[in-house]
Amino acid sequence: MSLNEAKRIAAYKAVDEWIKPHTKVVGIGSGSTVVFAVDRLAERVKTEGLQVVCIPTSFQARQLIVENNLTLGDLDRFPHIDCAIDGADEVDSDKVLIKGGGGCLLQEKIVASCAEKFVIIADYTKNSQKLGEQYKKGIPIEVVPLGYVPIKAKIEKVFGGEAKLRMAVSKAGPCVTDNGNFILDWHFDSSKTFDWNKINSELLQIAGVVETGLFVGMATKAYFGMSDGSVKEQN
Ligand code: DER
C-alpha cells in the first residue's frame, strides 16, 4: 500500500467516526494527510448536507477549506471547536506528538487547545514507541527571529543535542512561519528517555520561544493507516 493510501484510509476513518450530523465547528490541521480528511469532509457536506464551519491552522489549511468550498471560520467567532483533525510527524506510545514538520505548529496548537476532541491522522511511519524512533528531523520550536542565536545556544546548553535553524527550500534564507517567526529543529538524543511534559514547559520558559512542536496530553485518539490496508487506532 502506498503512503498516500495509508494516509487516506486513516483520514476517512477519522472523519467518518468523529464528524457527526450535530458537529458544528471543525479544526482543520496542516500537512499532506489532512488533505484527505478535507476531501472526505467536503464529500460528506455535499452528500449529507453537513453544516460545519472549518477553522484553519495555517495558510495551507485555509486554502484547503476555501478550495473545497467549505465554510471558513475563525477563532474570533468560533472559539469553541467540537473536533480538530490534524496530522503529526510522530506519535509515541503515550500519544505525545511531534508536530511542526510543516512549520504550522503554533496555530495548530492554539486550535487543538480550543477543541473538545483532537484527533490525529497519520500513516504507519508516524507510529512509534518513543519519539525520535522514526522522525529524525528534530522537535520544531517556533522562535522570534530576533533571538534565535541565543535561544539556540540556551537550548543546546540546557537540553543537549543541536538546535538547527530551519532553512527554506524555495527561497534563500531561513523558513519563515505564517506568523513571521523562525523554527529551530531540536535534534535530541533519542536513546535517552525524556519527561516530555517537563521539556515542553522548560522550553516555553526560554525568552523568545513562542511554541514547541511537542503536543503533550492533547490528542484524544490517533488513527494510523497501515501498510496492510488496516487502520490502527490508538486511544
Ligand atoms: O506540520 C505539522 O504539524 C503537520 O501536521 C505534520 O505534522 C504532518 O504532516 P503530514 O501529514 O504531511 O505528514
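Above: the structure in question.
None of the values given here were measured: they were computed from a predicted structure. (Residues numbered from 1 in each chain as written. Predicted model: local features only at pLDDT ≥ 70, side-chain atom pairs only at ≥ 80, totals over all residues. Heavy atoms only, no water.)

1. As for the state of the cysteines
Piece 1. Within the structure shown, the criterion is met by zero disulfides.
Piece 2. Cysteine 83 takes part in no disulfide bond, and the closest cysteine sulfur to it belongs to cysteine 54, at a distance of 11 Å.
Piece 3. Sulfur of cysteine 104: no disulfide; nearest cysteine sulfur belongs to cysteine 175 and is 8.7 Å away.
Piece 4. According to the relative accessible area criterion, cysteine 104 is buried, its value standing at 13%. (Disulfide = S-S within 2.5 Å. Buried < 20%, exposed > 50% of the residue type's maximum accessible area, 1.4 Å probe, protein only.)

2. Focus on the pairing of strand S8 (residues 139–143)
Piece 1. Burial within S8 is extensive, with five of its five residues counted as buried.
Piece 2. Along S8, one buried face is formed by Ile139, Ile141 and Val143 and the opposite face, lined by Pro140 and Glu142, is buried too.
Piece 3. When S8 meets strand S10 (residues 182–187), the two strands line up antiparallel, connected through five bridges. Within S10, the residue paired with glutamate 142 across the bridge is isoleucine 183.
Piece 4. Judged from the three bridges that link them, S8 and strand S11 (residues 209–212) form a sheet pairing that is antiparallel. In the sheet register, glutamate 142 faces S11, and the bridge partner there is glutamate 211. (Helix = DSSP H or I, 4+ residues; strand = E, 2+ residues; numbered from the N terminus. Pairing = 2+ DSSP bridges.)

3. Some details on the sheet that holds strand S6 (residues 97–98)
Piece 1. If you walk across this open sheet you meet the three strands as S5-S6-S12, and the pairing is antiparallel. In this open sheet, the two edge strands, each paired with only one partner strand, are strand S5 (90–91) and strand S12 (214–215).
Piece 2. Where S5 meets S6, two bridges bridge the pair, whose relative direction is antiparallel. Residue pairing in the sheet places glutamate 90 in a bridge with isoleucine 98 of S6.

4. Digging into the site of the ligand
Piece 1. Residues in close proximity to the ligand total 15 residues, the closest being Ser32, Thr33, Gly102, Glu108 and Lys126.
Piece 2. Take serine 30: an N or O atom from its main chain is 2.7 Å from an oxygen atom of the ligand.
Piece 3. A distance of 3.0 Å is found between an oxygen atom of the ligand and a side-chain nitrogen or oxygen belonging to aspartate 89.
Piece 4. Burial of the ligand by the protein amounts to 91% of the accessible area it has alone, namely 350 Å².
Piece 5. Per-class residue counts for the shell around the ligand are one nonpolar, nine polar and five charged. (Near = heavy atom within 4 Å. Polar contact = N/O pair within 3.5 Å; in protein donor to acceptor, adjacent residues only side chain to side chain. Areas by Shrake-Rupley, 256 points an atom, 1.4 Å probe, with all protein chains shown as cover. Nonpolar A, V, L, I, M, F, W, Y, C, P; charged D, E, K, R; others polar.)

5. Examining unusual backbone geometry
Piece 1. Of note, asparagine 69 is a non-glycine position whose phi angle comes to about 55 degrees, a positive value.
Piece 2. As for its position among the elements, asparagine 69 is in the loop between helix H3 (59–67) and strand S3 (71–72).
Piece 3. The backbone of lysine 95 shows a phi angle near 65 degrees, a positive value even though the residue is not glycine.
Piece 4. Note that lysine 95 resides in the loop between S5 and S6.

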